[in-house]
There are 2 protein chains.
Amino acid sequence: MPNGRNRQILLVEKPAGKLAPTHFRMAEGDIPAPKDGEVLLRVRYISLDAANRAWMHGATYRSAVEANTVMAGGAIAEVVESKAPGFSPGDIVFGDTGWQDFAAVPARHLSQMPRLKPLTHLLSVYGIAGLTAYFGLLEVGRPKAGETVVVSAAAGSVGSMVGQIAKIKGCRVIGIAGGAEKCRWLTSELGFDAAVDYKGGNLYKDLKAATPNGIDVYFDNVGGDILEACISRMNLYGRIACCGAISQYDGVPSATGPRGVPGLIVVKRLTMQGFIVMDYMDQRERALADLQAWVAAGQLKVQEDVIAGLENTPQALIGLLAGENRGKRMIAV
Amino acid sequence: MPNGRNRQILLVEKPAGKLAPTHFRMAEGDIPAPKDGEVLLRVRYISLDAANRAWMHGATYRSAVEANTVMAGGAIAEVVESKAPGFSPGDIVFGDTGWQDFAAVPARHLSQMPRLKPLTHLLSVYGIAGLTAYFGLLEVGRPKAGETVVVSAAAGSVGSMVGQIAKIKGCRVIGIAGGAEKCRWLTSELGFDAAVDYKGGNLYKDLKAATPNGIDVYFDNVGGDILEACISRMNLYGRIACCGAISQYDGVPSATGPRGVPGLIVVKRLTMQGFIVMDYMDQRERALADLQAWVAAGQLKVQEDVIAGLENTPQALIGLLAGENRGKRMIAV
């Protein structure tokens, strides 16, 4: 067992409104000893995701996070000590370690990962973000070449890959993002055909101008007003892949849903389908092969936003919820 | 050409709020002469549908109805005179004749119908209502035996058949309807397993009690609060077949959509899919064969609500929007 202390970030209170640094505190404990069936992990990169905030509202696709416990979060980690078959010191794994230096985790909750370089790609393009983009777009959105695909939170970890994969598949791609700079980046660096700045004050007008042929596939990361605007632009038989609702996570959830539901759903024969990447894990190898080929060919650019220091994790999540990141945000512990 | 006058009901004004008799007036005109390619029809049974009201809001899956014209509406009619190949006097057809005694209609907008008895079945179980129930439930809802199916406007023309077809397919079926009497009818006469009276004041509680295992398929005819309540009860991977939004048609459309969209759509991996029966007409023969077999075997009871007199059509629609009908409402002209 390694010597030293285990720094941990606790969620001290579930936020009623906006998440703030005061909802967290740093603590120190002993480095835990793994029990039978467990593995002791040294956390290397903590994934920051909008879903972290959603977990504070209550049970979702996982149980709720509780006050006065280590904040939950997925991470890439290295095995330090193993009391479970199939895991050896030096192995690289993905699992919910929480926001801390070390974690003892049941081996059945861990996934073995390849030791590729850079390791950060295991959280971005080859991690949950990349697989979410891949399966959500291709299995739920089902775009055909020539169709118009719109993605929100387009400069984020998932959105930036959704748009690029849609381009690879021959679609016209429009990204919705906050701020002129992000929008320029989407079109100049990532090859999006157009971008709409939702902070520009003319969402409906700008979206209409950017989608003269309507929208066939909308990949929704945000919910709320942007979902509502996209529903109004959907074409007959359009597909909406519901991936998340960032706009609803940080604060009191909206008391209402988007207008046009179900009226426009009926009239336009739309399909709205929610999905969770875990549901597609039996097809993971195929997805990783495609993603690796696209990265190798330079067709898929990987944007990462790596922040150093466990102590910066709360502020990094708060900033992500405010949309300050570009690409996959993570903490190098 | 027959002698006599042609009574017509005009929509004199598009309603801003609730539909009222004053929005219509009776007129009389000459019986029209069919042009080349047209057929002169004697209207026999006018179909009353919640969608009639939706057409007054603007273009939907058809163009909007306009003020100071004959109110649009589908009907079963008999050919009186034909200037189109393939149509002869005495033929029974379905088409949008509007609310009048006689109509000259382009033959390409008409469907030939069998001369079966009673003719009213061509508007109920073998008409749009029956086919909507059949395709919406089986192709969009895709229920499996043992699953729980919930249908709203369950005592209506579509809902009453959705529930019975779901029972034929081995599902547990709950109908949502307005009033204790309708609810009793659903369970005692149509074989529904349970019914929820949405006017009873405890929609969420009563729906929960009636669906102890949650909802796998929700056939939505109404939108609004009932859709919202059903979303909250959906099981993982549940399907919502969006057929209509009666609750939104008569009055100013709701300024908001249902809560839980898209949040619960994501978390529960739900699919909401809108459909229009016309999209499935290539499979019509198969559907009619099934429906006829079920009717013949006594598995599918056909409830019709036939009101005599063209002059009663406005009030019959207003009453339908208020939920006073049981089964398929139509006017015998």
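Reading the values: the criteria
Residues numbered from 1 in each chain as written. Chains lettered and ligands numbered in written order. Predicted model: local features only at pLDDT ≥ 70, side-chain atom pairs only at ≥ 80, totals over all residues. Helix = DSSP H or I, 4+ residues; strand = E, 2+ residues; numbered from the N terminus. Rg over C-alpha atoms; globule rule 2.2 N^0.38 Å. Contact = placed C-beta atoms within 7 Å. Least-squares fit on C-alpha atoms with pLDDT ≥ 70 in both. Expected span 1.5 Å × (residues − 1). Buried ≥ 20, exposed ≤ 12 C-beta atoms within 10 Å, placed from the backbone. Pairing = 2+ DSSP bridges. Right-handed = clockwise from strand over helix to strand, strands pointing away. pLDDT = per-residue confidence, 0-100. Nonpolar A, V, L, I, M, F, W, Y, C, P; charged D, E, K, R; others polar. Domains from an automatic or database assignment. Axes fitted to C-alpha atoms, helices over the stretch in contact; angles between N-to-C directions. Parallel < 35°, antiparallel > 145°, perpendicular 65-115°, else oblique. Core = buried A, V, L, I, M, F, W, Y, C linked by C-beta atoms within 7 Å.

Q: Even after reading the chapter, I still don't get the overall build of chain A, so can you show me in this structure?
A: Secondary structure assignment for chain A yields 10 helices and 16 strands. In summary, chain A has a C-alpha radius of gyration of 20 Å against a globular reference of 20 Å for 333 residues, a match within 12%. With respect to the three principal axes, the spread of C-alpha positions in chain A is 60 × 45 × 35 Å. Long-range contacts, defined here as pairs at least 24 residues apart, represent 66% of the contacts in chain A between residues at least 6 apart.

Q: How should I be thinking about the relation of the copies chain B and chain A in this particular structure?
A: Each copy of the chain is related to the other by a rotation around an axis and a translation along that axis. For the match of chain B to chain A, the screw axis carries a shift of 0.0 Å, the RMSD comes to 0.0 Å, and the turn is 180 degrees. The relationship between the two copies is best expressed as a two-fold rotation axis. For chain B, the smallest separation between a C-alpha atom and the rotation axis is recorded for G257 of chain B, amounting to 2.1 Å. In this assembly the copies share their binding face: 100% of the residues contributing to the interface of chain B also contribute to that of chain A.

Q: Looking at this model, I keep getting lost on helix α3 (residues 157-168) of chain B. Mind explaining?
A: Quick reminder: α-helices carry 3.6 residues per turn. Residues three or four places apart thus point the same way. Residue and element names in this part refer to chain B. Look at α3: 17 Å from first C-alpha to last across 12 residues, which is about the 16 Å you get at 1.5 Å a residue. In terms of residue burial, α3 counts as a mostly covered element, since 10 of its 12 residues are buried. When we look at burial in α3, the residues that qualify are S157, V158, G159, S160, M161, V162, G163, Q164, I165 and A166. In this structure, the buried side of α3 is in contact with α2 (128-141), β9 (148-152), β10 (172-177), α4 (180-188), β12 (215-220) and β16 (328-332). The positive-phi residue at the C-terminal boundary of α3 is G170, with phi of around 85 degrees.

Q: I tried to follow the pairing of strand β15 (residues 304-308) of chain B on my own but got confused; where do I start?
A: Remember that side chains alternate between the two faces of the sheet whenever the strand is regular. All names here are of chain B. Taken together, the 5 bridges between β15 and β16 define a ladder with parallel strand orientation. Directly across from I307, in β16, lies its bridge partner I331. In this region the chain leaves β15, passes through helix α10 (residues 313-321) and returns to the parallel neighbour β16; the handedness of that crossover is right-handed.

Q: Got a minute to help me understand the confidence of the model for chain A in this structure?
A: Low pLDDT means the predicted coordinates in that region are not meant to be read closely. The predicted model of chain A averages 95 in pLDDT, with 99% of residues at 70 or higher. For this predicted complex, the interface confidence score (ipTM) comes to 0.91, while the overall pTM stands at 0.93.

Q: What am I meant to see in the interface of chain B and chain A here?
A: Many analyses report the size of an interface as the accessible area lost when the parts associate. Each side of the interface is counted separately: chain B has 33 residues, and chain A has 33 residues. Counting only elements with at least two residues in the side of chain B that touches chain A, the list comes to α8 (263-267) and β14 (271-274) of chain B. Class assignment of the residues belonging to the side of chain B that touches chain A gives a composition of 17 nonpolar, 11 polar and 5 charged. In the sheet, strand β14 (residues 271-274) of chain A pairs with β14 of chain B via 3 bridges, with the strands oriented antiparallel. Within the sheet, the bridge partner assigned to Q273 of chain A lies in β14 of chain B and is T271 of chain B.

Q: Help me out: how do you make sense of the domain arrangement of chain A in this one?
A: Residue and element names in this part refer to chain A. The domains assigned to chain A are domain 1 (5-124 + 303-332) and domain 2 (128-278). Put simply, the middle of domain 1 and the middle of domain 2, counted by C-alpha atoms, are 28 Å apart. In this complex, domain 1 contributes 20 residues to the contact, which on the side of domain 2 involves 18 residues. Within the residue set of the side of domain 1 that touches domain 2, elements represented by two or more residues are α1 (50-54) and β16 (328-332). Counting residues per element, the side of domain 1 that touches domain 2 draws most heavily on α1, at 4 residues. Its residues placed into classes, the side of domain 1 that touches domain 2 shows 6 nonpolar, 9 polar and 5 charged.

Q: It is not clear to me how the pairing of strand β1 (residues 5-11) of chain A should be interpreted in this structure. Could you clarify?
A: All names here are of chain A. Sheet topology places β1 next to strand β2 (residues 24-30); 7 bridges connect them, and they run antiparallel. When the sheet's bridge partners are listed, R5 is paired in β2 with D30. Here β1 pairs with strand β4 (residues 69-70) via 2 bridges, running antiparallel. In the strand pairing of β4, L10 is matched with V70.

Q: I would appreciate a short explanation of the packing of α2 of chain B against helix α9 (residues 284-296) of chain B in the present structure.
A: Any two packed helices are characterised by how steeply their axes cross, that is the angle between the axes, and by the distance between the axes. Residues and elements named next belong to chain B. Where α2 meets α9, the closest approach of the two axes is 10 Å, and the angle between their N-to-C directions is 100 degrees. With respect to their mutual orientation, α2 and α9 come out roughly perpendicular. Residues G130, L131, Y134 and F135 of α2 lie in contact with α9, whose contacting residues are R284, A287, D290 and L291. Among the residues forming the contact of α2 with α9, the class breakdown is 5 nonpolar, 1 polar and 2 charged.

Q: Help me out: how do you make sense of the nonpolar core in this one?
A: In globular proteins that are soluble, nonpolar side chains generally tend to be buried together. Core analysis: the largest hydrophobic core is formed by 216 residues, its most contacted members being L41 of chain A together with L41 of chain B. In this structure, L41 of chain A is in contact with A77, E78, V79, V80, V93, T97, F102, A103 and V105 of chain A, ignoring residues within four places of it in sequence.

Q: Where do I start with the sheet that holds β9 of chain B in this structure?
A: Backbone-to-backbone hydrogen bonds join strands into a sheet, with any given pair of strands oriented parallel or antiparallel. One open sheet holds the 12 strands; their spatial order is β11(A)-β10(A)-β9(A)-β12(A)-β13(A)-β14(A)-β14(B)-β13(B)-β12(B)-β9(B)-β10(B)-β11(B), and the pairing between them is mixed. In this open sheet, the two edge strands, each paired with only one partner strand, are β11 (194-197) of chain A together with β11 (194-197) of chain B. Averaged over all adjacent pairs, the angle separating strand axes in this sheet is 15 degrees, with direction ignored. Examined bridge by bridge, β9 of chain B and β12 of chain B share 3 bridges and lie parallel to one another. Across the sheet, the residue bridging to V151 of chain B is F219 of chain B, located in β12 of chain B.

Q: Please explain the sheet that holds strand β4 (residues 69-70) of chain B as it appears in this structure.
A: One open sheet accounts for 3 strands, arranged β2-β1-β4 (chain B); its pairing is antiparallel. Bordering the open sheet on either side are β2 (24-30) and β4 of chain B, each of which pairs with just one other strand.

Q: Teacher, can you tell me more about unusual backbone geometry here?
A: The bulk of non-glycine residues show a negative phi, and the bulk of peptide bonds are trans. All names here are of chain A. The amide bond that connects V261 to the next residue, P262, takes the cis arrangement and shows omega of 10 degrees. One non-glycine residue, Y237, lies in the positive phi region at around 65 degrees. Here Y237 shows up in strand β13 (residues 234-242). For Y237, a count of 13 C-beta atoms within 10 Å translates into the label partly exposed.

Q: Could you clarify how one ought to interpret the environment of N221 of chain A in this entry?
A: Residue and element names in this part refer to chain A. The residue N221 is located in the loop between β12 (215-220) and α6 (224-233) in this model. Sequence separation between N221 and G74 is 147 residues; the distance between their C-alpha atoms is 19 Å. Look past the residues within four positions of N221 in its chain and what remains in contact with it is S152, A153, G156, V158, G159, C243, G244 and I246.

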